[in-house]
Amino acid sequence: MTRRYTEEQIRRFYRQLYRIRRVEEEVARIYPSDKIKSPVHLSIGQEAVSVAVCECLNPDDVVFGSYRSHALYLAKGGDLKTMIAELYGKGTGCGKGKAGSMHLIHLPSRVMGASAVVGTTIPQAVGYAYAVKLRQEPVVVVSFFGDGATEEGVFYESLNFAALKKLPIVFICENNQYAIHTHQSARQAKCNIAERAAVFGMPAETIDDDFFAVLERVGETVDALRKGAAGPFFFECMTYRWKEHVGPDEDYHLGYRTPEEAAPWHARDAVRVLGERVPDAERAKIESDIEREIREAFDFAEQSPWPADSELFEDVFKEGGA
Amino acid sequence: MSRSCSYVDAVREASEQEMARDPSVIVFGLDVDDPKAIQGTTRGLVEKFGEERVFGTPLSEDAMTGVAIGMALAGLRPVHVHIRMDFLMLSMNQLVNMAAKMRYMYGGQVSVPLVVRSMIGKSWGQGAQHSQGLYSFFMHVPGLKVVAPSTPYDAKGCLVAAIRDDNPVLFVEHRILHFQRGPVPEKIYEIRPGRARVVQEGRDVTIVGISYMQLEALRAHYYLADQGVQAEIIDPIWLSPLDIDTIVSSVRKTGRLLVVDNGWTTCGASAEIVARVAEALQDDEPARFRRMGFAHVTCPTAPNLEERFYPNARTIAAAAYDLVQGRASGWLPEPREDLKALEFKGPF
Ligand SMILES: Cc1ncc(C[n+]2csc(CCOP(=O)(O)OP(=O)(O)O)c2C)c(N)n1
Ligand SMILES: [Mg+2]
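Residues numbered from 1 in each chain as written. Chains lettered and ligands numbered in written order. Predicted model: local features only at pLDDT ≥ 70, side-chain atom pairs only at ≥ 80, totals over all residues. Heavy atoms only, no water.

Colleague: An account of a negative patch on the surface is requested, with residue identities and associated values reported.
Modeller: Negative charge collects at one region of the surface, where Asp31, Asp33, Glu51 and Glu52 of chain B lie side by side. Classification of Glu51 of chain B by relative accessible area gives exposed; the value is 65%. (Patch = residues over 30% accessible without salt bridge, like charges linked within 9 Å, V, L, I, M, F, W, Y side chains within 5 Å. Areas by Shrake-Rupley, 256 points an atom, 1.4 Å probe, with all protein chains shown as cover. Salt bridge = Lys/Arg side-chain N within 4 Å of Asp/Glu carboxyl O. Lys, Arg positive; Asp, Glu negative; His and termini not counted. Charge placed at Lys NZ, Arg CZ, Asp CG, Glu CD. Buried < 20%, exposed > 50% of the residue type's maximum accessible area, 1.4 Å probe, protein only.)

Shown next as structure tokens:
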């Protein structure tokens, strides 16, 4: 770790990480009750990547993610109450009960809608970056996706176009080594995602499972983009999913991975590492504030009404035009 | 409204006028900036509006469709051009899973003002993968609009309307129609969804012709007139949303409906139109129906096979005549050379 951080910054990082961890633990706890009305792909274990990257971004910067976007949504500033209401399928949800966990969106914090089809938001982020560059806006676009998405053809097409047009975009591959239950080495001829990105002529590197390393490397990159450096940039961030691919439980019983494999990742847990750097009293205050916020969010979701029946037919088209 | 110009010029002029009017409109696609300029439909745009607003793309239909959607989310109005509709098959994920659904699945918060122009081919042996009219795929999906203008006048007005529409629009051009000339006002105007056009009034049989088949239907009208049969010819123009009411009222009058599609009949636009008219009329009018379209095989290249693959004015006239007679009469008109030069006269 090269840089030094103020106590206030450390508190903030911890707050972000712990909040996401606790929200998802609560989602996992409630899930078996069937109150949550869409499948959940939890980010537990992977929070550090989203939080570190989003700590480098301004409110006006734009992020695109995948169906595993709870952490990204919250880290970028997405509203917790409307997120939980959306998971409950309620009319007050961030997608009016039409999105569910896999299509979270929060335009005020510039979280663009997430997609359940692997790889589909990668070119959209590139297109957004094209618009930003065309209009010379001081905005950075970040595209988040998994290691599996790098096997889709659209990934390479998107990287090529972003590099061709030198777009202000940062690609973040959250490499948790698995696509559902299949290890990267069983899917990719070589496990060299960053190298493959580099052949398009963009700076590309792999970052270990280390919150501060992501913060620093992405921070420098975003600063450079803001000062006018040509994009794109690519980071493969190593991480690990603690829970099953979809759903609230662990999945070692399936036999495709072992607790021994997971142990070093658990040992590096950013939530714990950051937590240890926050004085006890402050930490207790942060944690109790978050518990209250989470309770309020789930209460809000519980008490919210279902969408009106008439909503079935709303929002197919936007009326009017330019 | 005296100026006559080609369909190609109409498309080009609509693009140019909209780009001049609204800086958020941009045009891109494979080869839009090359010497042939997509049959001339994009000619001069890059010189006038620059390489950032008009550019040729890598051969990446999937990603470039996603790029277009991302641009639209950011407030641009992209027009993505494909020289063949067949190539849209590589864009299906972005069009069907994303563009069509984003407004709905994000609770009405975003819109995708995207135009996808693509061309259908015919003749010169274009064959299996360079000729398909696949618009019914897109009619199937809520959230997409589909338009297949058949005249230069509609080409301009519909493209303007498509660009101004806040939703994804598939704009379908038939390459033979590109050569058609007709009256096109210089001023800018819109032909919006919601109104089919009764091109020719008649009391005996309603013929709906889609895209290029509109031209063949108009020719068929003359063959039928020679037999004393008055065909009412309707151009739906916009296929989705479809103005079914105009077609229903016509069939109420004629009692017979022939839909001629520039695609296969199975699960096609013709199936949809016939089904909706039948549902609307079943309680009060007895009506007879017939669909024509591509033979249910892959498009061949040998001229004699290709000739049989497509409906044409004479086979359309024969089918309409039999609908009127209520039996298989075996009548097929002798070819009339003068009808080959038929162009759209207007005014509409
Ligand atoms: C195009 C497509 N193919 C297959 C699937 C089924 N699927 C859902 S998630 C997933 C694995 C994706 O792995 P990765 O990109 O590494 O993301 P992770 O789930 O690990 O976050 C697959 C194959 C899908 N949703 N979309
Ligand atoms: Mg993965």
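Colleague: How would you explain the coordination of the magnesium ion (ligand 2) if you had to name every residue and give the values?
Modeller: A four-donor tetrahedral metal ideally has 109.5 degree angles, and a six-donor octahedral metal ideally has angles of 90 or 180 degrees. Residues and elements named next belong to chain A. Coordination sphere of the magnesium ion (ligand 2), protein contribution only: Asp147 (OD), Asn176 (OD1) and Tyr178 (O), at 2.1 Å. One chain supplies every donor for the magnesium ion (ligand 2), spaced along it as D-x28-N-x1-Y. You'll find Asn176 and Tyr178 in the same group, each marked buried. (Donors = N, O, S within 2.8 Å, 3.2 Å for Na, K, Ca; no water.)

Colleague: Explain the environment of Lys318 of chain A to me, and be specific about the residues and the numbers.
Modeller: Locating Lys318 of chain A in the fold gives a position in the segment after helix H11 (280-303). The spatial distance from the C-alpha of Lys318 of chain A to the C-alpha of Met83 of chain A is 24 Å, given a sequence separation of 235 residues. Look past the residues within four positions of Lys318 of chain A in its chain and what remains in contact with it is Arg103, Ser111, Asp166 and Asn167 of chain B. (Helix = DSSP H or I, 4+ residues; strand = E, 2+ residues; numbered from the N terminus. Contact = heavy atoms within 4.5 Å.)

Colleague: Give me helix H4 (residues 80-87) of chain A: which residues, what numbers.
Modeller: Residues and elements named next belong to chain A. Along H4, seven of the eight residues are buried, which leaves the element largely enclosed by surrounding structure. For H4, the complete set of buried residues consists of Leu80, Thr82, Met83, Ile84, Ala85, Glu86 and Leu87. Looking at the buried positions of H4, the neighbouring elements they touch are helix H1 (7-30), helix H3 (70-75) and H11. Its side-chain oxygen 3.4 Å from the backbone nitrogen of Lys81, Asp79 forms the N-cap of H4. (Polar contact = N/O pair within 3.5 Å; in protein donor to acceptor, adjacent residues only side chain to side chain.)

Colleague: Tell me about the domain arrangement of chain B, residues and numbers included.
Modeller: Residues and elements named next belong to chain B. Domain annotation of chain B identifies domain 1 (3-184) and domain 2 (197-325). Summarising the inter-unit geometry, the C-alpha centres of domain 1 and domain 2 are found 26 Å apart. In total, about 2300 Å² of surface goes out of reach between domain 1 and domain 2, with carbon and sulfur atoms giving 62% of it. In this structure, the connection of domain 1 to domain 2 is made through one salt bridge. We note a salt bridge from Arg197 to Asp154, for which the minimum N-O separation is 2.5 Å. Put simply, domain 1 and domain 2 have eight residue pairs in polar contact (both at pLDDT 80 or more) between them. Ranked by the residues each element gives to the side of domain 1 that touches domain 2, the list is headed by helix H7 (residues 152-164), at five residues. For the side of domain 1 that touches domain 2, the residue count by class is 17 nonpolar, eleven polar and three charged. (Domains from an automatic or database assignment. Buried area = accessible area lost by both parts, 1.4 Å probe. Nonpolar A, V, L, I, M, F, W, Y, C, P; charged D, E, K, R; others polar.)

Colleague: An account of the pairing of strand S5 (residues 115-120) of chain B is requested, with residue identities and associated values reported.
Modeller: All names here are of chain B. Of all six residues that make up S5, six are buried, and the element is covered over most of its length. Inspection of the sheet shows strand S4 (residues 77-82) paired to S5 by four bridges, in the parallel sense. By the bridge assignment, Val79 is partnered in S5 with Val115. Pairing analysis gives six bridges linking S5 to strand S7 (residues 169-174), with the strands arranged parallel. Across the sheet, Val116 pairs through a bridge with Leu170, a residue of S7. (Pairing = 2+ DSSP bridges.)

Colleague: Tell me what's going on with the interface of chain B and chain A, and back it up with residues and numbers.
Modeller: Listed per partner, the contact involves 44 residues of chain B and 43 residues of chain A. Here chain B and chain A share an interface that buries about 3500 Å² over both sides, 63% of which is from carbon and sulfur atoms. Here Lys318 of chain A makes a salt bridge to Asp166 of chain B, at a shortest N to O gap of 3.7 Å. Put simply, chain B and chain A have eleven residue pairs in polar contact (both at pLDDT 80 or more) between them. Counting residues per element, the ones that place at least two in the side of chain B that touches chain A are helix H3 (61-73), helix H4 (92-99) and helix H5 (102-105) of chain B. Broken down by element, the residue count for the side of chain B that touches chain A peaks at ten residues, all from H3 of chain B. In terms of residue class, the side of chain B that touches chain A is made up of 19 nonpolar, 13 polar and twelve charged.

Colleague: Which residues make up the side chain of Glu216 of chain B, and what are the values?
Modeller: Residues and elements named next belong to chain B. Its location among the elements puts Glu216 in helix H8 (residues 213-226). For Glu216, a relative accessible area of 8% corresponds to the buried category. With sequence-adjacent residues up to four places away left out, Glu216 is seen in contact with Asn312, Ala313 and Ile316.

Colleague: So what about H3 of chain B? Which residues, and what values?
Modeller: Here H3 of chain B contains 13 residues, and its C-alpha end-to-end distance of 18 Å stays within 8% of the 18 Å for a straight helix at 1.5 Å per residue. Most of H3 of chain B is tucked away, with 13 of its 13 residues classed as buried. (Expected span 1.5 Å × (residues − 1).)

Colleague: Break down the pattern of salt bridges for me, citing the residues and quoting the values.
Modeller: Two side chains that carry opposite charge are able to pair once their charged atoms sit near each other. Applying the stated criterion across every chain yields a total of 52 salt bridges over all chains. With a closest N to O distance of 3.9 Å, Arg15 of chain A and Glu293 of chain A form a salt bridge. Highlighted residues: Arg15 of chain A in helix H1 and Glu293 of chain A in helix H11, separated in sequence by 278 residues. The salt bridge partner of Asp226 of chain B is Arg336 of chain B, with a shortest N-O separation of 3.0 Å. A residue pair is termed long-range when its members are at least 10 positions apart, and Asp226 of chain B in helix H8 and Arg336 of chain B in the segment after helix H12 (313-325) qualify at 110 residues. The exposure class assigned to Arg336 of chain B is partly exposed, which follows from its relative accessible area of 25%. Taken together, the salt bridges that share partners define one network made up of Arg22, Glu25, Glu26, Arg29 and Glu291 of chain A.

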